[in-house]
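Commentary on secondary and tertiary structure
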Amino acid sequence: MKSPQRQRRVLSPEEYKRQRRERRMDRTSQQEAEVRTWAEQHGCSLRVLNDGHHWLFQKPGFTAEWWPSSAKLAVNRDYDRDHHAPHWAEVAAVLRGMLASQPRLPLNSGPPPGSLLL
């Protein structure tokens, strides 16, 4: 016995891209708490800008910008060598690799206590 075929509307390329971006943005917005936790665990601040279209990870000596709607990830403002990252898992993998190669800065980079002359 044949199962009934679902009637599917054939989408134009523009409509397909629009729906794909919309699904990506919905999925990404649901992961904001997870991403924020990850960022804090790795010493980064996270700012979500432009209604979720621009995610900015920062720590001293490191900046990463992710645009989930276009699946682009740029590290340290190197926009000519961006990464294709449609999902948070791809972003996390790239950031882990980049942060692992960053020199570790001391938590308190100021002078030792008691060393300032008043």
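Scroll up to find the structure this text is about.
Rules and cut-offs
- Residues numbered from 1 in each chain as written.
- Predicted model: local features only at pLDDT ≥ 70, side-chain atom pairs only at ≥ 80, totals over all residues.
- Heavy atoms only, no water.
- Helix = DSSP H or I, 4+ residues; strand = E, 2+ residues; numbered from the N terminus.
- Buried < 20%, exposed > 50% of the residue type's maximum accessible area, 1.4 Å probe, protein only.
- Contact = heavy atoms within 4.5 Å.
- Areas by Shrake-Rupley, 256 points an atom, 1.4 Å probe, with all protein chains shown as cover.
- Pairing = 2+ DSSP bridges.

**Considering the overall build of the protein**
Assigned secondary structure in the protein consists of three helices and five strands. Its helices and strands in sequence order give the protein the pattern α-α-β-β-β-β-β-α, from N to C terminus. When the 118 residues of the protein are sorted by exposure, 26% land in the buried category. Considering only contacts within the protein whose residues lie at least 6 apart along the sequence, 31% involve residues at least 24 apart. Counting every atom, the protein has about 9000 Å² of accessible surface; 51% of that belongs to carbon and sulfur.

**As for the pairing of strand 4 (residues 72-75)**
The side chains of a regular strand alternate between both faces of the sheet. Pairing between strand 3 (residues 62-67) and strand 4: four bridges, direction antiparallel. Its bridge partner lying in strand 4, tryptophan 67 is registered against lysine 72. What sits between the antiparallel neighbours strand 3 and strand 4 is a turn of four residues, in which alanine 71 has the positive phi angle 60 degrees. Of the strand pairs in this sheet, strand 4 and strand 5 (residues 83-84) are connected by two bridges, and their pairing is antiparallel. Note that in strand 5 the partner of leucine 73 across the bridge is histidine 83.

**Overview of the environment of glycine 52**
Tracing the backbone shows glycine 52 in the loop between strand 1 (45-49) and strand 2 (54-59). Residue class for glycine 52 comes out buried when judged on its relative accessible area of 13%. The residues contacting glycine 52, other than those within four sequence positions of it, are Met25 and Pro68.

None of the figures reported here should be taken as evidence of function without further support.
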